[in-house]
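# Observations on chain architecture
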Amino acid sequence: MSATHEKSNDVIEEKQVALSDDVFFQISHADGVGRDYELKCRLINRCLQEEIRFGRYQWQLFIITGLGWFTDNLWMYGLSIVLPQVQQELNPVRVEYAVLAAFAGLIVGATTWGILADLIGRRLSFNITLFVTGLFGLAAGGAPNFVTFCSLVACMGFGVGGNLPVDGALYLEHIPQSHQWTLTLLSIWWAVGQLVASLIGWGFIANFSCDPSIPSGQCPKSANMGWRYTLYTSGALTFLMFICRYFVFDVQESSKFLVAQGRDEEAMKVLEHIARHNGRSITLRLEDLQAVSGSTASKPAPNLSTSIRNAFSGLSLSHVRPLFSSKRLAINTSLTIIIWGLIGIAFPLFNAYLPLYLSAQGAASGSSSVSETYRNFTIISILGIPGSLVACAVVDYTRGAGRWLIGGRKLTLAVSTMMTGLFLFLFTTSRTTAAVLGYSCASSLTQNAMYGVLYAYTPEVFPAPHRGTGDALCSALNRIGGFIAPLIKISTTPASGSASAATANGPIFVSAALFIVAAILAILLPIETAGKMAL
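What you see is a predicted model; the values in this text were computed from it and never measured. (Residues numbered from 1 in each chain as written. Predicted model: local features only at pLDDT ≥ 70, side-chain atom pairs only at ≥ 80, totals over all residues. Heavy atoms only, no water.)

## Regarding the overall build of the protein
- Each helix and strand counted, the protein has 21 helices and zero strands in total.
- As presented, the protein carries roughly 20000 Å² of accessible surface, and 65% of it is formed by carbon and sulfur atoms. (Helix = DSSP H or I, 4+ residues; strand = E, 2+ residues; numbered from the N terminus. Areas by Shrake-Rupley, 256 points an atom, 1.4 Å probe, with all protein chains shown as cover.)

## Remarks on the state of the cysteines
- The final tally for this structure, using the stated rule, is one disulfide.
- The side chain of Cys210 participates in a disulfide bridge whose partner is Cys219; the two sulfur atoms lie 1.9 Å from each other. Its S-S torsion of approximately 85° makes the covalent link between Cys210 and Cys219 right-handed. Of the two residues, Cys210 and Cys219, both sit in the buried class. (Disulfide = S-S within 2.5 Å. Buried < 20%, exposed > 50% of the residue type's maximum accessible area, 1.4 Å probe, protein only.)

## Re the packing of helix H15 (residues 327-351) against helix H21 (residues 505-523)
- In contact at an axis separation of 8 Å, H15 and H21 are set at 155° when each is read in the N-to-C sense. Taken together, the axis directions place H15 and H21 in an arrangement best described as roughly antiparallel. The element H15 and its partner H21 pack so that their crossing is left-handed. Together, Leu335, Ile338, Ile339, Leu342, Ile343, Ile345, Ala346, Phe347, Leu349 and Phe350 of H15 and Pro507, Ile508, Val510, Ser511, Leu514, Phe515, Val517, Ala518, Leu521 and Ala522 of H21 make up the contact between the two elements.
- Its residues assigned to classes, the contact of H15 with H21 comprises 19 nonpolar, one polar and no charged. (Axes fitted to C-alpha atoms, helices over the stretch in contact; angles between N-to-C directions. Parallel < 35°, antiparallel > 145°, perpendicular 65-115°, else oblique. Left-handed = near helix turned anticlockwise from the far one by under 90°. Contact = heavy atoms within 4.5 Å. Nonpolar A, V, L, I, M, F, W, Y, C, P; charged D, E, K, R; others polar.)

## Points about a nonpolar patch on the surface
- A grouping of Ile243, Tyr246, Phe247 and Val248 is seen on the molecular surface, where their side chains present a nonpolar patch of about 460 Å² in accessible area.
- Mapping Tyr246 onto the fold places it in helix H10 (residues 226-248).
- When its relative accessible area of 48% is taken as the criterion, Tyr246 is described as partly exposed. (Patch = residues over 30% accessible without salt bridge, like charges linked within 9 Å, V, L, I, M, F, W, Y side chains within 5 Å. Salt bridge = Lys/Arg side-chain N within 4 Å of Asp/Glu carboxyl O.)

## Section: the packing of helix H5 (residues 122-140) against H10
- One can describe the packing of H5 onto H10 by two numbers: an axis separation of 8 Å at closest approach and a directional angle of 160°. On the basis of their axis angle, the class for H5 and H10 is roughly antiparallel. Considering how the two elements wind past one another, H5 and H10 form a crossing that is left-handed. Residues Phe126, Asn127, Thr129, Leu130, Phe131, Thr133, Gly134, Leu135, Gly137, Leu138 and Ala140 of H5 lie in contact with H10, whose contacting residues are Trp227, Leu231, Tyr232, Gly235, Ala236, Thr238, Phe239, Met241, Phe242, Arg245 and Tyr246.
- For the contact of H5 with H10, the per-class residue count stands at 14 nonpolar, seven polar and one charged.

## Some remarks on the pattern of salt bridges
- In the structure shown here, the tally under the stated rule is ten salt bridges.
- As a salt-bridge pair, Glu89 and Arg228 come within 2.8 Å of each other at their nearest N and O atoms. You can see Glu89 sitting in helix H3 (residues 56-90) and its partner Arg228 sitting in helix H10, a full 139 residues away along the chain.
- Across the pair Glu96 and Arg94 runs a salt bridge, and its minimum N-O distance is 3.0 Å. In terms of burial, Glu96 and Arg94 fall into one category: buried.

## Describing the nonpolar core
- Phe149, Ile343 and Tyr451 are the most contacted members of the largest nonpolar core, which totals 139 residues.
- Residue contributions to this core peak at 17 residues, all from H3.
- Ignoring any residue separated from it by four or fewer positions in sequence, one finds Ile343 in contact with Pro348, Met450, Tyr451, Leu454, Asn478, Phe515 and Ala518. (Core = buried A, V, L, I, M, F, W, Y, C linked by side-chain atoms within 4.5 Å.)

## Some remarks on the side chain of Ser125
- Looking at the secondary structure, you find Ser125 in helix H5.
- On the basis of relative accessible area, Ser125 is assigned to the buried category, the value being 1%.
- One polar contact links the side chain of Ser125 to the main-chain carbonyl oxygen of Trp113, over a distance of 3.5 Å.
- Excluding residues within four positions of it along the chain, Ser125 makes contact with Trp113, Leu116, Ala117 and Val166. (Polar contact = N/O pair within 3.5 Å; in protein donor to acceptor, adjacent residues only side chain to side chain.)

## A few points about the confidence of the model for the protein
- Residues of the protein with pLDDT of at least 70 account for 81%, and the chain-wide mean is 81.
- Per-residue pLDDT stays below 50 along residues 1-29; that stretch engages in 31 contacts with residues further than four places along the chain or on separate chains.
- Low confidence marks residues 398-405, where pLDDT is under 50. Its contacts with residues over four positions away, or in another chain, come to seven contacts. (pLDDT = per-residue confidence, 0-100.)

Right, dumping it as structure tokens:
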């Protein structure tokens, strides 16, 4: 017994010495986290990097979390695709109110699910958001009037709003530092979601819609089922993805969240589970984590009802203040949130009404076919996919050590955002269908690169104990920007809500200008995360 105890102590001491070498002499104390958490996090990061590595569990998690990104754009573009037909059948005062409703739900969803992820864990939010999205998305397809449609779309937005903040955090906290660039690659699912939404809309709306010449309010439901079929199909796909998440793949809670909560024993079980799934073993032990804090006590896992009750009774600024704990972190957090807000206005101001703009520009050039509009929309969606791959190629310049280095999160974000603004300015000069399609394709590529970097940089720059809250603040302001976008559209286009070739340019000019401003702010970010382990 004594020999075993001495051997255990020797192992712990050896790891503490190694930890001292790696942490105390190479890495300064991180902003926004306590010393004990930082040291435990370094042990977990080393375990992920050197022992667990990037294996079968991470690839499966890449697919499962990618479905959340897929869903976000599936519904964002799905809504924009059906707007012309909703307007023609339900004859609302302003069709933009549907986008307002969606972003109202997105604001509440992003805030609620993101903050809950820091209070009760990532796993619950991760599993339930797709269920809420699919349920209300299906229901929206059966809406008998515009008020009901907007109400159901808002509830759908509540579910969608929690996807990206939670999914990105959960994925980042399960991968080794050498593969953090795959967080940018996740944005390819976002582009695929846009493509699938385009294909669904092209298939149904082009074949089951009223003729564009029929005035709004005179289009019968029986002749205009395409937009409803589009929502039914998207809802069914979302439910299928929920089933894959909840019943097929065994999603583990974040080990970094657990150690931040003082639940070291559970964190070790998570790491051991992932190691087994990858066919590997780990040398990290519970005693190693406990030795950092000098305590052998581990908090028990609260049941679900207790977690939810404690979450709502304990809401405070405890997860907000650490994001501004130093001057450098405060500046970075503020700039990041502002960038999200600006892009939140700029992106939907163009993309949420892209079918309307394409239709208006097509009519101006002598082509107003519904099929051609959605064919062009599909082509634009296809060209968005390479944007994610381009971002991955340059986002982590440290992989090219020893060569001429260029790239990184900040530079890639600034360049892609700047180019998006420039292409939108050029879009307003278009006089032919080919020019409209060309500039739209170019902006689709740069926008996907921009969002790929932004969605990777944001969770990386926030420490795990407050990552959900930081992501929630950014996502919420992004959705608030999306709520403002329809108001700009309303003020710059006719009361019918439709756009002509002339009136479409007003909101697009605003969108382009905001992208340029966001690019300038990206250059000013003081923190670069490329090549650094996420806490």
